[in-house]
Amino acid sequence: MTAAESAEAAQRYDPRAIQEKWQRRWEKLDTFRASDDPADTRERAYLLDMFPYPSGDLHMGHAEAYAIGDAIARYWFQLGRNVLHPIGWDAFGLPAENAAIRNNAHPADWTYANIETQAESFRRYAVSFDWSRRLQTCDPEYYHWNQWLFLRFYERELAYRKDGYVNWCPKDQTVLANEQVIDGRCERCGTVVVRRTLTQWYFRITSYADQLLADAEALERKWPERVLLMQRNWIGRSEGAEVHFAVEGRDEPVTVFTTRPDTLYGATFFVVAADSPLAEELCEPSRLEELRAYVAEVRKLTDIERQATGRDKTGVFLGVHAVNPVNDELIPVWAADYVLPDYGTGAIMAVPAHDQRDLDFARAYGLPVRGVLETGQPDPATGGIATAGDGQLINSGPLNGLGKAEAIARITAILAEKGLGHAAVNYRLRDWLVSRQRFWGTPIPIIHCPSCGEVPVPEEELPVVLPDLRGQDLVPKGVSPLAAATDWVNVSCPKCGGPAKRDTDTMDTFVDSSWYFLRYCSPHYAEGPFDPDNVRRWAPVDLYVGGVEHAILHLLYSRFFVKVLHDMGLVDFREPFTRLLNQGQVINGGKAMSKSLGNGVDLGRQLAAHGVDAIRLTMISASPPEDDIDWADMRPEAMVKFLARAWRIAGDVAAAGSSRPDGEPGDVALRRVTHHTIDDVTRLVEAHRLNVAVARLMELVNATRRAIDSGPGAGDPAVREAAEVLAVLLSLFAPYTADECWELLGHQPSVARAGWPVADPALLVTDSVTAVVQVNGKVRDRVEVPPDISEDDLREVALAAAGVIRALGGQSIRKVIVRAPKLVNVVAG
RNA sequence: GCCCCGGUAAACCAAUCGGCAGAGUUGACGGAUUCAAAAUCCGUGCAGUGUGGGUUCGAGUCCCACCCGGGGCACCA
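Attention here is on the structure that accompanies the text. Bear in mind that the values here come from a model prediction, so they are computed numbers and not experimental data. Residue positions are given per chain, counting from 1 as you read along its sequence in written order. Chains carry letters and ligands carry numbers; both start at the beginning, A for chains and 1 for ligands, and go up in the order they are written. Local features are withheld for residues below a pLDDT of 70 in this predicted model, meaning they are given only at 70 or higher, and side-chain atom pairs are given and counted only at 80 or more; totals for whole chains, interfaces and linings count all residues. Calculation of side-chain values draws on the structure's entire complement of heavy atoms; hydrogens and water are dropped beforehand.

## Quick look at the packing of aromatic side chains
The test is simple: Pairing of aromatic side chains here covers Phe, Tyr and the six-membered ring of Trp, requires ring centres within 6.5 Å, and sorts the geometry by plane angle: under 30 degrees stacked, over 60 edge-to-face, intermediate tilted. The helix count covers DSSP runs of H or I at least four residues long, the strand count covers runs of E at least two residues long, and both are numbered beginning at the N terminus. The buried label goes to any residue with under 20% of its type's maximum accessible area, the exposed label to any with over 50%, and the partly exposed label to all in between, with areas taken from a 1.4 Å probe on protein chains only. Throughout this description, the term charge over a ring refers to an Arg CZ or Lys NZ atom that lies within 6 Å of the ring centre and within 35 degrees of the ring normal.
Within this structure, the stated rule accounts for 43 aromatic pairs. Ring centres of Y208 and F560 lie 5.6 Å apart, and the angle between their planes is 70°; this geometry places the pair in the edge-to-face category. One end of the pair, Y208, is in the loop between β9 (194-203) and α7 (209-219); the other, F560, is in helix α19 (residues 553-567), with 352 residues separating them in the sequence. Like Y208, the residue F560 is buried in the burial classification. Members of the aromatic cluster, each reached through a chain of ring pairs, are F150, F153, Y154, W201, F203, Y208, W432, F510, Y557, F560 and F561. The cationic tip of R196 hangs over the ring face of W168; the distance from NZ or CZ to the ring centre is 4.3 Å. Its guanidinium or amino end placed over the ring of W488, R502 lies 5.4 Å from that ring's centre, counting from NZ or CZ.

Below, the structure written as structure tokens:
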């Protein structure tokens, strides 16, 4: 290499060399360690990125999410806060188990190998984590506390076992929670889910339905509106009444839930879910065979087919009658497929005149239709359209003449008085099914004893550690692989000492992620899931960054956990995440990246080609954080170019040997730009409008370049100031280049500790502004005026402006609107 | 079917409170530099804001209806 060539190379921006240099230096600096010291008076701030599942290396989606979270965390650091920004891994789950079967290995092998890969990638990606708090949910030190919490839930009867008609994924060979079934398919593998009756463990999240709903109000404007909406829809609260119907041949009445108790006089038949135990129980014996044949048909259908819109409703008559409690009328009891066994009580009163589903069924089977609401709409019996709105009650005894609301109140009171029913609230939300028939998860800490029943594992025996199963041991067989580990399963009962067996199911991995943010506050604490003092100081999370795909599952479960912990007195807050930022997805060519489409973009290759800083900047500047990024539209080269421009400015300033002696601030025009940029970027980062913040940085670079080339030159103190401000602002998004610039400018590393610049208010005010002068809404002139000009003065100046006089052309002025100092609109005509 | 979010230049995206439609980036074109190219620097053009109404002195911004795209819920009694 000639001297000229090497001089040229030294002037070329080389992201790879910069990365290697700074990554080594940063390791020694340990800049981002959060301080637990109670005497540390800095303001505490907790920024949490949703922890990753170790499915392989990091991908483009991670690159976006962590670039966003890191920019805000680094901003908080620059402000001088004591920032908790931890990382860990959501490390239990099926993919590890499937890989272990394939490779005849242990799930931990795959899991920890991937974690190491991701950890290395995070370091290279320069995310400002406190690595000392790293956790993995598959470590016994972590899942110990899942078990501890499970037992606390159990004590409070918030964990219980029951027979349920559950969702079963035939491919993964395990049950799924309702939240994990998307359009009738397994959330993880897409297989059509079938129904099975199994005895399973549940968490009683429904006890908290009202609180989950009520506390969502407090999250308004702090969480994205659509997430709150999705949670509200999911909880699905509806108000109405429960009504008890006597049924022939049964001692106890059958209760139904209805949102329209006012239409009770219009009930002309009664329906129970065909596939509920109730149907068989109520059925007249001679019709049992017919019912069973029918139920067999219904069960052949998947939920997808069963819920297809427009499908004809079917059912069979059970040969018995129910008694309408308000008029003692006998109405036939049917079993049908359109009533769901697990919503409400699995039975309904059918009011065909005023419910479309009941009307469709009545018309299909020739059942009577009786209108009890006068709505002015055509008769449902002939028109086929049920009238479901408000109206005046008719044919309804004491309700006649009332409107809907009054009638509901009246009938509810009557029913309550006679013991025939009462006002009631029903939820769509079901209890959270937490058992899984797979290996790589937290063992449920319960022992089943033939004489004592369910016995909790004593606290001092926790954690119940997974046995060492691998390879073929893990092939799913419909029961948990743990069941085959006889040495592990067979124990003596902690209560009576007799032979007993461990529960062989493991917990849903969403249990792990429902409280990990608390563990980060004291990750090595051995006396409990977390140190209450540390949690009091750090939690709740100030800002939670992650994908909207967790809008219901993870976020709802975490909220539930925190409410339970609050009621147990372990935390003093009721919501885990004060603010939530949902970043969009990275897509390619208008579609989600997928193997089958072959449109995947490899993060490692992108980083190798353009450098970490350029990829981070591409993610940040592409769009508002919550919007999707279409990688096909992105040009990372543009960001390399920008970073090179910023880096050359630092180099030019260094070469010019400029300094900032007191009393010599330098070029005031550039200083105005610099301080306006500080002001703007501060506000934009606060508002999470990171893409616009980057645009402001680009403006500052452009202005500084001009100042160097065709202004006061690189030696001007204002140019140095601009370069220094640029390095600090840039450190949120492009930490490598920022540190390199900072060093070139003669400062000690790291720029991450430089402190956020403060805009000089004197440089933010301008001595003149341009006021726009309009005539009839069209811009006709501009005038330079002082910013504090009065309305009257501005009016006078505007009316005298040449452009105005020309535009008026002698027309009379009807009105002048003045918005000092920016605008005047002359209305003429 | 119901409910949310979005639609601005060739592309991605800006536009505090209703107040000049353009900050930034890409692409395109032109110039400087160069033997030439790359790199670098400078400059140029490109839309009246999905459609139709309304409110207003003034609407990308507010209201109504519709179209398109994305998302959520959906025999939920």
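## Regarding the sheet that holds strand β32 (residues 778-785)
Picture the strands of a sheet paired through backbone hydrogen bonds; they go either parallel or antiparallel. As a reminder of what qualifies: DSSP bridges decide pairing: two strands pair if at least two such bridges lie between them. For helices, the fitted line uses only the C-alpha atoms of the stretch in contact; every axis is such a line through C-alpha atoms, and the angle between N-to-C directions lies from 0 to 180 degrees. Every residue pair with non-hydrogen atoms within 4.5 Å of one another is taken to be in contact.
Spatially, four strands are ordered β32-β31-β34-β33 in an open sheet, and the strand pairing comes out mixed. Of all the strands in the sheet, just β32 and β33 (813-819) have a single pairing partner and so form its edges. The average undirected angle you get between the axes of adjacent strands in this sheet is 20°. Where strand β31 (residues 769-775) and β32 come together, seven bridges link them in antiparallel fashion. Residue pairing for β32: V773 is matched across the bridge by D781. Running at roughly 125° to β33, helix α28 (residues 791-800) makes contact with β31, β32, β33 and β34 (823-828) of the sheet.

## Re the pairing of β9
Two strands pair when backbone bridges link them, and strand β5 (residues 159-169) and β9 are joined in this way by ten bridges, in the antiparallel orientation. Among the inter-strand pairings, Y160 is bridged to a residue of β9, identified as Y202. In the sheet, β9 pairs with strand β19 (residues 432-433) via two bridges, with the strands oriented antiparallel. Residue pairing across strands places Y202 opposite L433, the latter belonging to β19.

## Considering the pairing of β34
Of all the six residues making up β34, five are buried; the element is thus mostly covered by neighbouring parts of the structure. Where β33 meets β34, six bridges bridge the pair, whose relative direction is antiparallel. Residue pairing for β34: R819 is matched across the bridge by L823. Here β33 folds back onto β34, and the loop between the two strands holds three residues.

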